[in-house]
Amino acid sequence: MVINMKNISLYIPKLEDYWYEAKIQLDPKSMNYNAGYDVSYYGYHYDTGCIDFPKEKWQESFDRRKKENRFFAYIKDNNTNTYVGYVNYHYNKSDKRYECGIVIESKYRGKGYSKQALKLLCNTAKNNGVKELYDNFEIDRGNALDIFKDVGFEIVEEQTWKKFNKDVKGVLVRKIL
């Protein structure tokens, strides 16, 4: 399935396409935003933020996304026919809200993909009956905050987390769809 905008499209990957997700998750430059958190899930590397995603885990992830109705799609540059990142949203049962995420492969950052992809993700969520989307990230990730605000998200809460055992300030953003 492909969801299009002029320059990019969202491509829902087949199982054999999961190589791209595995590639990004092993790239320290693409995953550095994720480093330093005290989390415990399979394959997480505290020092780099990378996440192991070996081929034997692909089917489990694929099945879980289907079973839990998680939206996950690659961002594809229509002009070059190249994947440049991925977007997702899912329902967080404990916080009772839909949360989204976007990762752009490091070599494609700063080229305008995030804003277009986030707009497509919001439209897709709305078309699937989602009323609000949330995300949270460090407040010093100014580019991310600017992009989310440009797409219509607003800060609804300031938060504090531990990153490399130090307090970091963050924000929770929301968009009403």
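Here's a quick rundown of the structure.

Reading guide: rules and limits
Residues numbered from 1 in each chain as written. Predicted model: local features only at pLDDT ≥ 70, side-chain atom pairs only at ≥ 80, totals over all residues. Heavy atoms only, no water. Helix = DSSP H or I, 4+ residues; strand = E, 2+ residues; numbered from the N terminus. Buried < 20%, exposed > 50% of the residue type's maximum accessible area, 1.4 Å probe, protein only. Core = buried A, V, L, I, M, F, W, Y, C linked by side-chain atoms within 4.5 Å. Contact = heavy atoms within 4.5 Å. Salt bridge = Lys/Arg side-chain N within 4 Å of Asp/Glu carboxyl O. Disulfide = S-S within 2.5 Å. Phe/Tyr/Trp six-rings, centres within 6.5 Å; stacked < 30°, edge-to-face > 60°. Lys NZ or Arg CZ within 6 Å of the ring centre and 35° of its normal. Lys, Arg positive; Asp, Glu negative; His and termini not counted. Arc of directions from axis to C-beta.

## What to know about unusual backbone geometry
A positive phi angle, close to 60°, is found at Asn81, a residue other than glycine. Here Asn81 shows up in the loop between strand 3 (71-77) and strand 4 (82-92). The class for Asn81 is exposed, based on a relative accessible area of 56%.

## Regarding the nonpolar core
With 28 residues, the main nonpolar core has Ile75, Val87, Tyr89, Leu133 and Phe153 as its most contacted residues. Only strand 2 (8-11), strand 3, strand 4, strand 5 (97-104), helix 4 (113-127), strand 6 (132-138), helix 5 (142-150) and strand 8 (166-176) provide two or more residues apiece to this core. Sequence-distant contacts of Tyr89, defined by excluding residues within four places in its chain, comprise Arg70, Phe71, Tyr98, Glu99, Cys100, Leu121, Thr124, Ala125, Asn128, Val130 and Leu133. In terms of nonpolar packing, the next biggest core, distinct from the first, is built from 18 residues, Ile24, Tyr37, Trp58 and Tyr86 among them.

## A few points about the pattern of salt bridges
Close approach of charged atoms allows side chains with opposite charge to pair. Applying the stated criterion across every chain, the model contains 13 salt bridges. Glu21 is the salt-bridge partner of Arg65, the closest N and O atoms lying 2.7 Å from each other. With Arg65 in helix 3 (residues 55-67) and Glu21 in helix 1 (residues 19-25), this residue pair connects regions lying 44 residues apart in the sequence. Given a relative accessible area of 14%, Arg65 falls into the buried group.

## Details of the state of the cysteines
Note: disulfide means a covalent bond formed between the sulfur atoms of two cysteine side chains. Under the criterion given, the structure shown has zero disulfides. Cys100 takes part in no disulfide bond, and the closest cysteine sulfur to it belongs to Cys122, at a distance of 6.3 Å. Judged by its relative accessible area of 6%, Cys100 falls in the buried class.

## Here's the deal with the environment of Phe164
Examined against the element boundaries, Phe164 turns out to sit in the loop between strand 7 (154-163) and strand 8. Separated by 128 residues in sequence, Phe164 and Gly36 place their C-alpha atoms 4.4 Å apart.

## Here's the deal with the packing of aromatic side chains
Evaluated as defined, the whole model comprises 21 aromatic pairs. Ring centres 5.9 Å apart and planes at 20° place the aromatic pair Tyr11 and Tyr83 in the stacked group. Of the two residues, Tyr11 sits in strand 2 while Tyr83 sits in strand 4, which places them 72 residues apart along the sequence. The burial state of Tyr11 is the same as that of Tyr83; both residues are buried. A network of ring pairs unites the aromatic residues Tyr11, Tyr18, Trp19, Tyr20, Phe53, Trp58, Phe62, Phe72, Tyr74, Tyr83 and Tyr86 as a single cluster. We note Lys57 situated over the ring of Tyr42; from NZ or CZ to the ring centre the distance is 4.4 Å.

## Observations regarding the side chain of Asp17
Relative to the helices and strands, Asp17 is located in the loop between strand 2 and helix 1. An unpaired buried charge is present at Asp17: no salt bridge exists, and Lys14, the closest side chain of opposite charge, is 5.4 Å distant. Beyond its immediate stretch of four places on either side in the chain, Asp17 contacts Tyr11, Tyr74 and Tyr83.

## Describing helix 5
One full turn of an α-helix is made of 3.6 residues, so residues set three or four places apart face in the same direction. Within the span of helix 5, buried status applies to Ala144, Leu145 and Phe148. Considered in projection along helix 5, the buried side chains sweep an arc of 100° and stay on one side of the axis. For helix 5, the exposed residues set more than 90 degrees away from the buried face come down to Asn143 and Asp150. Where the residues of helix 5 are buried, they touch strand 5, helix 4, strand 6, strand 7 and strand 8. In the stretch just after helix 5, Gly152 is the one whose phi turns positive, near 110°.

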